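Below are the chains, spelled out letter by letter.
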Amino acid sequence: MLIFLLNGVVIFYIIEFGRLLCPNYDKVWDSSEVAQHTGTNDWWVSIQGWVYDMSNFIHGDHSDISGEASNAQSNLDLLVGQDLTDYFPPPLALVCSGLVTQASLELTYKNFTPTVPTAMHNSGATQSATGTALDNADWYTATFLPKIKQYRKGALVWDPSDIASQASDQNIQRIWAIWEGGVYDLTDYVNTVSINQGATNTYQFLNTDITNVFKQQAGQDITSSLNGVLATLDSSTATTNMDCIRNAFYLGETDFRKTARCQVQNYMLLVFTSIICASIMLKSRNVIRNFKIDSCFVKFRVTLKGEDSLRHTIDSLAAMRYDDKRKLLFIICDGNIIGSGNDRTTPPPVSSLTSLVSTRKWIRSL
């Protein structure tokens, strides 16, 4: 019973203990892991902080725009495994209600150029085509989000070191940061404001104190600084701005799988394994050091080539350092073969030699 109990404890530790310490560690993916799912029945992408398996949807033509099929294989090959956030821009008037009133307002991308232009899903007033479902002002919230939620696998996560690295990269100058574990990217917003300096009333809809924190501490965890700014604003302004940022600029969560909480089990297993291996090695060393052979059975076949050589061989075997009471030499002679340079078969000289040896060592000759 004790053995079963101990086995149960070990199995629980290996299988479930890690899940208790680090729940949902197997339900998040980073961009490199998403990029590994590129098969026909393993078609994954990420959109605005979430990972989706679109295998059961993407291969059918769901486009209602004439002449623009959505399932061209060449296009699917370019999109699979990628982050498609910029291909599905949320209408700002819809997701930033109370801050944006112009329905056609769009942001200008800083680091994105669509490789598949027909995959762009602008909706509402930003959609140029007519007579399509994308014309609906609420297509993004009423159609797109409920539909794609069916294929959600889990959250997209980012390594804090990657966030800091891309923020300091002068080629992209990404203005994003971590707030309360979430990753938010204001790069396109800041870029749009900077190139429309003469129309700040239209394009600068977020509170400048909030955006200044992102610009001044890009790539960092700004939780403390941003909460300090929010505390100085009235509740309505703070809520409206942060709702807009969550809805329009959210890109995922920080990767918690590399934190001490999630790595402690691996370290504990490594320590326990090292202790067990060291114990086994020490035990084996002691066993080898104290090992004694209680008996030895030697069997060999001889052909007479010279009595001196034969005598040396038998003397060597008889002199082995084992207890004579547990020693047996089993000598098989080729009775019908006469070795080169000899005038008799092997058995007679072997019998004679073993009789001589037996005076010194107890041997039973056969």
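Calculation criteria
- Residues numbered from 1 in each chain as written.
- Predicted model: local features only at pLDDT ≥ 70, side-chain atom pairs only at ≥ 80, totals over all residues.
- Heavy atoms only, no water.
- Helix = DSSP H or I, 4+ residues; strand = E, 2+ residues; numbered from the N terminus.
- Buried < 20%, exposed > 50% of the residue type's maximum accessible area, 1.4 Å probe, protein only.
- Contact = heavy atoms within 4.5 Å.
- Areas by Shrake-Rupley, 256 points an atom, 1.4 Å probe, with all protein chains shown as cover.
- Phe/Tyr/Trp six-rings, centres within 6.5 Å; stacked < 30°, edge-to-face > 60°.
- Lys NZ or Arg CZ within 6 Å of the ring centre and 35° of its normal.
- Disulfide = S-S within 2.5 Å.
- Arc of directions from axis to C-beta.

Let's talk about the overall build of the protein
Moving on, step 1. A tally of helices and strands in the protein yields 14 helices and 10 strands.
Moving on, step 2. Expressed as a percentage of the 366 residues in the protein, the buried residues total 36%.
Moving on, step 3. A separation threshold of at least 6 residues defines the contact pool for the protein, and within that pool the share at least 24 residues apart is 68%.
Moving on, step 4. Summing over all exposed atoms, the protein offers an accessible surface of approximately 21600 Å²; the carbon and sulfur share of this is 53%.

Re the packing of aromatic side chains
Any aromatic ring pair is given by two values, namely how distant the centres are and how the planes are angled relative to each other.
Moving on, step 1. The final tally for this structure, using the stated rule, is 12 aromatic pairs.
Moving on, step 2. Ring plane angle 45 degrees and centroid distance 5.8 Å describe the contact between phenylalanine 57 and tyrosine 151, whose orientation is recorded as tilted. In this pair, phenylalanine 57 is assigned in the loop between strand E4 (50-53) and helix H3 (73-79) and tyrosine 151 in the loop between helix H5 (139-149) and strand E5 (152-158), connecting sequence segments 94 residues apart.
Moving on, step 3. Its relative accessible area of 22% is what places phenylalanine 57 among the partly exposed residues.
Moving on, step 4. Pairing tyrosine 140 with phenylalanine 144 gives two aromatic rings, centres 5.3 Å apart and planes at 40 degrees, and the pair type is tilted. Taken together, the positions of tyrosine 140 and phenylalanine 144, both in helix H5 and 4 residues apart, correspond to about one turn of that helix. Across this residue pair, the class does not change: tyrosine 140 and phenylalanine 144 are buried.
Moving on, step 5. An aromatic cluster is present here, built from Phe88, Trp139, Tyr140 and Phe144 joined pairwise through their rings.
Moving on, step 6. The residue whose ring lies beneath arginine 152 is tryptophan 50, and the NZ or CZ to ring-centre distance is 4.0 Å.
Moving on, step 7. The aromatic ring of tryptophan 176 is capped on one face by arginine 174, whose charged end is 3.8 Å from the ring centroid.

Concerning the state of the cysteines
Moving on, step 1. According to the stated counting rule, one finds 1 disulfide in the structure shown.
Moving on, step 2. A sulfur-sulfur separation of 1.9 Å characterises the disulfide bridge that pairs cysteine 96 with cysteine 244. Judged by the sign of its S-S torsion, about 65 degrees, the cystine formed by cysteine 96 and cysteine 244 is right-handed. Of this pair, cysteine 96 sits in the loop between helix H4 (92-95) and H5 while cysteine 244 sits in helix H11 (residues 235-249), and the two are 148 residues apart along the sequence. For the pair cysteine 96 and cysteine 244, a shared accessibility class is recorded, and that class is buried.

Observations regarding H5
Moving on, step 1. Taken as a whole, H5 has its buried residues at Trp139, Tyr140, Phe144 and Ile148. One face of H5 carries all of its buried residues, which in axial projection span an arc of 75 degrees.
Moving on, step 2. Contact partners of the buried residues in H5: strand E3 (42-47), E4, H4 and E5.

Looking at unusual backbone geometry
Moving on, step 1. If you check the backbone angles, glutamine 48 has positive phi at about 45 degrees while not being a glycine.
Moving on, step 2. Note on placement: glutamine 48 falls in the loop between E3 and E4.
Moving on, step 3. Positive phi values are uncommon outside glycine, yet glutamate 180 reaches one of about 50 degrees.
Moving on, step 4. Note on placement: glutamate 180 falls in the loop between strand E6 (176-179) and strand E7 (182-185).

Interpretation in functional terms is not warranted from these geometric data alone.
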